[in-house]
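Architecture and fold: a report
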Amino acid sequence: MASNVLKKAESFFDHFERWRPTQNQTTHYCPGCGHGNAHKLIAEALDDLGLADRSILVSPVGCSVFAYYYFDVGNVQAAHGRAPAVATGLKRSHPQSIVMTYQGDGDLASIGGLEILHAANRGENMTVFFINNAIYGMTGGQMAATSLIGMKTTTSPYGRSVENDGWPLRVCELLATLPAPVYIERCHLADAKGIMSCRKAVKKAIKNQADGKGFSFVEILAPCPTGWKMTPLEAEKWVKEKMIPYYPIQVFKDESATREGRFPQPREVADDELWKALDLGLFGETHPYDEPFVKNFSTTHFKFAGFGGQGVLTGGVILAAAGMQENLEVSWIPSYGPEMRGGTANASVVLSKDPIGSPLVVNPDVLVAMNDPSLDSFEDTVRPGGIVFVNSSIIARKLRRSDVDVIYVPLTDIAAEQGLTAGANAVLLGALMEYTKLLPIATIKEIIPLGIKRKQLIDANLRLVDAGVEWIQNNVKGRKQSVTVPPSKQTAATPVMFPEK
Ligand SMILES: Cc1ncc(C[n+]2csc(CCOP(=O)(O)OP(=O)(O)O)c2C)c(N)n1
Ligand code: SF4
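Residues numbered from 1 in each chain as written. Chains lettered and ligands numbered in written order. Predicted model: local features only at pLDDT ≥ 70, side-chain atom pairs only at ≥ 80, totals over all residues. Heavy atoms only, no water.

1. What to know about the site of ligand 1
Convention followed: We call a residue near a given molecule or strand whenever any one of its heavy atoms falls within 4 Å of it. Polar contact criterion, stated in full: a pair of N or O atoms within 3.5 Å, where within protein one must be able to donate a hydrogen and the other to accept it, and residues adjacent in sequence count only if both atoms are side-chain atoms. Here the open area of atoms and residues is found with the Shrake-Rupley method and a 1.4 Å probe, where only the protein chains shown may cover a residue. We count a stretch as a helix when DSSP gives it H or I for four or more residues in a row; a strand needs E for two or more, and each element gets its number in order from the N terminus.
Inspection of the region around ligand 1 gives 16 residues, with H35, C63, G106, D107 and G137 positioned closest. One nitrogen or oxygen atom from the side chain of D105 is found 2.9 Å from an oxygen atom belonging to ligand 1. Interatomic distance of 3.1 Å between a side-chain N/O atom of N133 and an oxygen atom of ligand 1. Taken by itself ligand 1 offers 590 Å² of open surface, and the protein chains cover 72% of this. When residues in the shell around ligand 1 are grouped by element, the largest group, four residues, is from helix α3 (residues 105-111).

2. Remarks on the site of ligand 2
Basically, it comes down to this: Only Asp, Glu, Lys and Arg are considered charged, only Ala, Val, Leu, Ile, Met, Phe, Trp, Tyr, Cys and Pro nonpolar, and every remaining residue, Gly among them, polar.
Taken together, Y29, C30, C33, H35, C63, N133, G137, C224, P225 and T226 make up all the residues around ligand 2. Of the residues belonging to the shell around ligand 2, the class tally is six nonpolar, four polar and no charged.

3. Comments concerning the sheet that holds strand β3 (residues 98-104)
Our working rule: A pair of strands is considered paired only if DSSP assigns at least 2 bridges between the two. Interaxial angles span 0 to 180 degrees and are taken between N-to-C directions of axes, which are lines fitted to C-alpha atoms, for helices over the stretch in contact.
In space, the seven strands of this open sheet follow the order β2-β1-β3-β4-β6-β5-β7, with mixed pairing throughout. The open sheet has two edge strands, β2 (74-77) and β7 (251-254), and neither has a second partner. Taken pair by pair, the neighbouring strands of this sheet meet at an average axis angle of 20°, ignoring direction. Bridge count for strand β4 (residues 127-132) against strand β6 (residues 216-221) is six bridges, and the pairing is parallel. Bridging from a neighbouring strand, N132 pairs with L221 of β6.

4. Some words on the pattern of salt bridges
Note the threshold: By definition, a salt bridge exists where a carboxyl oxygen of Asp or Glu is found within 4 Å of a side-chain nitrogen of Lys or Arg. The cut-offs for exposure are 20% and 50% of the maximum accessible area for each residue type, with area from a 1.4 Å probe on protein chains only; residues under the lower value are buried, those over the upper are exposed, and the others partly exposed.
Within the structure shown, the criterion is met by 24 salt bridges. R186 is paired through a salt bridge with E219; the nearest N and O atoms lie 3.1 Å apart. Of this pair, R186 sits in strand β5 (residues 183-188) while E219 sits in strand β6; the two residues are 33 residues apart in sequence, bridging distant segments of the chain. Neither R186 nor E219 differs from the other in exposure class; each is buried. Between R383 and D365 there is a salt bridge whose closest N-O contact spans 2.5 Å. Of the two residues, R383 is situated in the loop between α13 (372-378) and β12 (387-391) and D365 in the loop between β10 (344-352) and β11 (366-369); the sequence distance between them amounts to 18 residues. By relative accessible area, which is 0% here, D365 ends up buried. One salt-bridge network, held together by shared partners, links D376, E379, R397 and R400.

5. Here's the deal with the environment of D53
Summarising the element assignment, D53 is placed in the loop between α1 (34-49) and β1 (55-59). Taking the C-alpha atoms as reference points, D53 and I98, 45 residues apart in sequence, are found 9.0 Å from one another.

6. Observations concerning the domain arrangement of the protein chain
Keep this limit in mind: Boundaries of every domain are those given by an automatic assignment or by a domain database.
Along its sequence, the protein chain is organised into domain 1 (34-254) and domain 2 (271-475). Centre-to-centre separation of domain 1 and domain 2, based on C-alpha positions: 47 Å.

7. Examining helix α16 (residues 441-451)
The cut-off we apply is this: Arc definition: it is the arc formed by the directions from the helix axis to the C-beta atoms. Contact criterion: two residues are considered in contact whenever any of their non-hydrogen atoms come within 4.5 Å of each other.
Where α16 is concerned, the buried positions are I441, T443, I444, I447 and I448. What you see down the axis of α16 is that its buried residues fit within an arc of 150°, all on one side. Turning to α16, the residues buried within the fold contact α12 (312-325), α15 (424-436) and α17 (458-475).

8. Things to note about the packing of α12 against α15
As a reminder of what qualifies: Each angle is binned into one of four classes, with values under 35 degrees roughly parallel, values over 145 roughly antiparallel, values of 65 to 115 roughly perpendicular, and all other values oblique. Definitions for this section: a left-handed crossing has its near helix turned counterclockwise from the far helix by less than a right angle. A right-handed crossing has that turn clockwise.
Remark: α12 packs on α15, axes separated minimally by 9 Å, with the N-to-C direction vectors making an angle of 40°. Our classification of the angle between α12 and α15 gives oblique. Along this stretch, α12 crosses α15, giving a crossing that reads as right-handed. For the pair α12 and α15, the contacting residues are T314, G315, I318 and L319 in the first and N425, L429 and M433 in the second.

9. Quick word on the packing of α16 against α17
For the pair α16 and α17, the least separation of the axes is 9 Å and the interaxial angle reads 160°. When the axes of α16 and α17 are compared, the pair comes out roughly antiparallel. Our pair here, α16 against α17, has a crossing hand that is right-handed. Residues I441, K445, I448 and P449 of α16 lie in contact with α17, whose contacting residues are I458, N461, L462, V465, D466 and V469.

Here it is in structure tokens:
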């Protein structure tokens, strides 16, 4: 005897513990909201195609930000409008995954308008679900790029006008002008027939990706009874009577049957090939792996800050490159002020034995302040017990804190004495490494010539590194040492300088 089993899709969690452990069978959506139905169609399509285990859903900012409460797939939540960029990264680094974005109209058509345009234009092999409810639902019903002419919202209380606000954006029509997308369809959730055609579209858009066909886009016209201040039934009627006439239900493009599937494999690139391609052949051979050195290295966060021209960014690059030379994981990320020249600049550098999760340095272990604004900006951010190098040639004041180790070193004067004022960063590197013993001076000196384009400056910079080393030796007594020095290179191992946090 045939029977129909009605049950929740396997691609949903059994219980929505992330939403409410005590009320874990319901969603957080309002009654009559289109998101619930759209979720169901996606989960059922994943079940039918058997793809949930390979799938990653990128949720947006908006009412559906919490899609990860419900879908038992890989979940990543992106900043407002940025889901296509996040999905691009995911798909390219995990081409075997099924990567979907799920975005409201505020997210996709308003704030993320360019993101989606470029992802579509690149023909990323991903699937995009665009939930168009003609309003910003989550934030209380402001006008979106898709709000209809005459539509009253909290930010268009007299109704949207073409003169003030332009025309509602028809995203399918726009994207269908691009050569790259394979499949673009608009459907609606206002009645059972509409839902059934959405079901087909959703499944096809996911299958296309599994078949390597490229960018598929399904726009789903969805009711938002709360934002529209209607009952669920009125909202369904409004979709049919107001939205569909402006947003016609149709397939705008479908080359699914004729496109060849493409399955690009990640390219294995040898290190030296990559250096060459990126013109980064600066660093030469890495040193033989020194297990105790790398294993004992405690992650160290640096902030190099100063004004443009003091070489703080380059100083950071050299340090990072030297770390790489010693087989550490490294990151370097610059931050510039808006000025063309003479503005502020800083570099965050992380050296670690482990892969680095974020290259941002918020609480440095070591701060290098080359000028007053840098010290003012970052003094309070240094981790208690950290180290601050102050360029005392330029900064007259002392630190306000007493819970950090501070070295006042006249970096610019030392460099000037050697005839190269712009080399304060080389003095710094010498002083910093001599004081912390984090990396061998020899490695720093090995990197410097590789990064200097004007060869006549190489010797002068190497002398400046030595001058920094000497300054520490002559002026700083009782300095600390770390265990992170390769035994072959420097003095014997001593206690860890920066205990793991
Ligand atoms: C960068 C940024 N700008 C604004 C917001 C505020 N914000 C949160 S949700 C939202 C609207 C989302 O609307 P939509 O994408 O249409 O999704 P819906 O809530 O209707 O499903 C806005 C503007 C934010 N979180 N981040
Ligand atoms: S505000 Fe609108 S989009 Fe958000 S959950 Fe409620 S009905 Fe759905």
